[in-house]
Amino acid sequence: MTDPRPAHKRILLKLSGEALMGDDAFGINRATIVRMVEQVADVTRLGVEVAVVIGGGNIFRGVAGGSVGMDRATADYMGMLATVMNALALADTMDKAGLTARVMSAIAIEQVVEPYVRPKALQYLEEGKVVIFAAGTGNPFFTTDTAAALRGAEMGAEVVLKATKVDGVYSADPKTDPAATRYSQLTFDEAMAKNLGIMDATAFALCRDQKLPVKVFSIFKPGALRRVVMGEDEGTLVHV
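The paragraphs below set out a description of the structure included in this document. Everything numeric in this text was worked out from a predicted model, so none of it was measured.

1. Focus on the overall build of the chain
- What the chain contains, in helices and strands, is eight helices and eleven strands.
- Against the compact-globule benchmark of 18 Å for 240 residues, the chain has a radius of gyration of 17 Å, which places it among compact chains.
- Its C-alpha atoms give the chain principal-axis dimensions of roughly 50 × 45 × 35 Å.
- Of all 240 residues assigned to the chain, the portion counted as buried reaches 50%.

The following block contains the structure:
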């Protein structure tokens, strides 16, 4: 008989901005964001505490052409602001779904969202609120993957869940190679040796050093998030 209790009490969910686009070229697809929030609501009902780090690629993609030749730090700050917009959209959708969400930004925009304060974020999680971390780490030259690793470690998350369009890490591109197989689990060292590109090197090293496992799964598979938090064989687990 399977254990009805979740395998994880507190998770850090990393959502890419691109995931919010659905099949659109850029921006936020309403039906897509609603489906994602339904999955989050489902796991909160199990008593799982959820923190989210959101990317901004879906919005930044719309202005990417104009950023060619731009100073890297300036472009990165634009990307951080895009994540704030996504976080607000996500929080609004969560509120409409009956969840209580709090957006905390690593850069100060206090008229719009709260600043990131670690003890306050921990308090919100303990109260059962979903905490959405916006603006990455607050610094240029760092990706939102690194922000997910950092916030996951700071929040004491048991696992970082990297939500993608693919249901795990494969030995080759499953779209082009029919012989590609999904890894059920890998060590950090194996993933680096195989150069699988699961996260950027800084994020990956931080997770490895903090012994913080990473689970890669598809947010587009119905019920996948629930199966992950219940400890079922969904996606690919990367561990020490």
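Back to the write-up after that little detour.
2. Notes on the nonpolar core
- One finds Met94 and Ile132 to be the most contacted residues of the largest nonpolar core, which totals 41 residues.
- Counting only elements with at least two residues in this core, the list comes to β1 (10-15), α1 (30-44), β2 (49-54), α3 (72-96), β3 (101-105), β5 (130-134), β6 (159-164) and α8 (224-229).
- Sort the elements by how many residues they give to this core and α3 lands first, with seven residues.
- Apart from the residues within four sequence positions on either side, Ile132 is in contact with Val52, Ile54, Ala87, Leu90, Ala91, Met94, Ala101, Arg102, Val103 and Met104.

3. A few points about the environment of His8
- In this fold, His8 is placed in the segment before β1.
- Remark: the alpha-carbon pair of His8 and Gly231, spanning 223 residues in sequence, is separated by 7.7 Å.
- Those residues in contact with His8 that sit more than four places away from it in its chain are Val48, Glu158, Val159, Val228 and Val229.

4. Quick word on the sheet that holds strand β11 (residues 236-239)
- With mixed pairing, nine strands are arranged side by side in an open sheet as β4-β3-β5-β2-β1-β6-β10-β11-β9. The two strands at the open ends of the sheet, each matched to only one other strand, are β4 (114-115) and β9 (185-187).
- In this structure, β9 lies alongside β11, joined through three bridges in parallel fashion. Looking across to β11, one finds that Leu186 is bridged to Val238.
- Packed onto the sheet, α1 meets β1, β2 and β5 and runs at close to 155° relative to β2.
- Docked against the sheet, α3 engages β1, β2, β3 and β5, running at close to 165° with respect to β5.

5. Some remarks on the packing of aromatic side chains
- Considering all chains together, one arrives at two aromatic pairs under this definition.
- Aromatic side chains Tyr116 and Phe133 sit 5.5 Å apart centroid to centroid with 85° between the ring planes, which places their arrangement in the edge-to-face category. Of this pair, Tyr116 sits in the loop between β4 and α4 (118-126) while Phe133 sits in strand β5; the two residues are 17 residues apart in sequence, bridging distant segments of the chain. With respect to burial, Tyr116 and Phe133 carry one shared label: buried.
- Their ring planes at 70° and their centres at 5.0 Å tell us that Phe188 and Phe204 sit as a pair that is edge-to-face. Residue Phe188 is found in helix α6 (residues 188-193), and its partner Phe204 is found in helix α7 (residues 201-209); the two are separated by 16 residues along the sequence.

6. Describing the packing of α1 against α3
- Between α1 and α3, the least distance of the axes is 10 Å, while the angle of their chain directions is 60°. Judged by the inter-axis angle, α1 sits oblique to α3. For the pair α1 and α3, the sense of crossing is right-handed. For the pair α1 and α3, the contacting residues are Arg30, Ile33, Val34, Val37 and Val40 in the first and Ala89, Leu90, Asp92, Thr93, Met94 and Lys96 in the second.
- When grouped by side-chain class, the residues that make up the contact of α1 with α3 number seven nonpolar, one polar and three charged.

7. A short note on the pairing of β1
- With respect to burial, β1 is a largely interior element, six of its six residues being buried.
- Here β1 shows two buried faces, one formed by Arg10, Leu12 and Lys14 and the other by Ile11, Leu13 and Leu15.
- As defined by bridge partners, β1 adjoins β2 across six bridges and the pair is classed as parallel. Residue pairing for β2: Arg10 is matched across the bridge by Glu49.
- The parallel pair β1 and β2 is bridged by α1, and the resulting crossover is right-handed.

8. A short note on the pattern of salt bridges
- Following the criterion strictly, the structure yields 15 salt bridges and no others.
- In this structure, the salt-bridge partner of Arg227 is Glu234, at a minimum N-O distance of 2.7 Å.
- Residue classification places Glu234 among the buried residues on the basis of a relative accessible area of 5%.
- The structure contains a network of salt bridges with shared partners spanning Asp167, Lys221, Arg227 and Glu234.

Rules and cut-offs
Residues numbered from 1 in each chain as written. Predicted model: local features only at pLDDT ≥ 70, side-chain atom pairs only at ≥ 80, totals over all residues. Heavy atoms only, no water. Helix = DSSP H or I, 4+ residues; strand = E, 2+ residues; numbered from the N terminus. Rg over C-alpha atoms; globule rule 2.2 N^0.38 Å. Buried < 20%, exposed > 50% of the residue type's maximum accessible area, 1.4 Å probe, protein only. Core = buried A, V, L, I, M, F, W, Y, C linked by side-chain atoms within 4.5 Å. Contact = heavy atoms within 4.5 Å. Pairing = 2+ DSSP bridges. Axes fitted to C-alpha atoms, helices over the stretch in contact; angles between N-to-C directions. Phe/Tyr/Trp six-rings, centres within 6.5 Å; stacked < 30°, edge-to-face > 60°. Parallel < 35°, antiparallel > 145°, perpendicular 65-115°, else oblique. Left-handed = near helix turned anticlockwise from the far one by under 90°. Nonpolar A, V, L, I, M, F, W, Y, C, P; charged D, E, K, R; others polar. Right-handed = clockwise from strand over helix to strand, strands pointing away. Salt bridge = Lys/Arg side-chain N within 4 Å of Asp/Glu carboxyl O.

Purely geometric stuff here, so don't read any function into it on its own.
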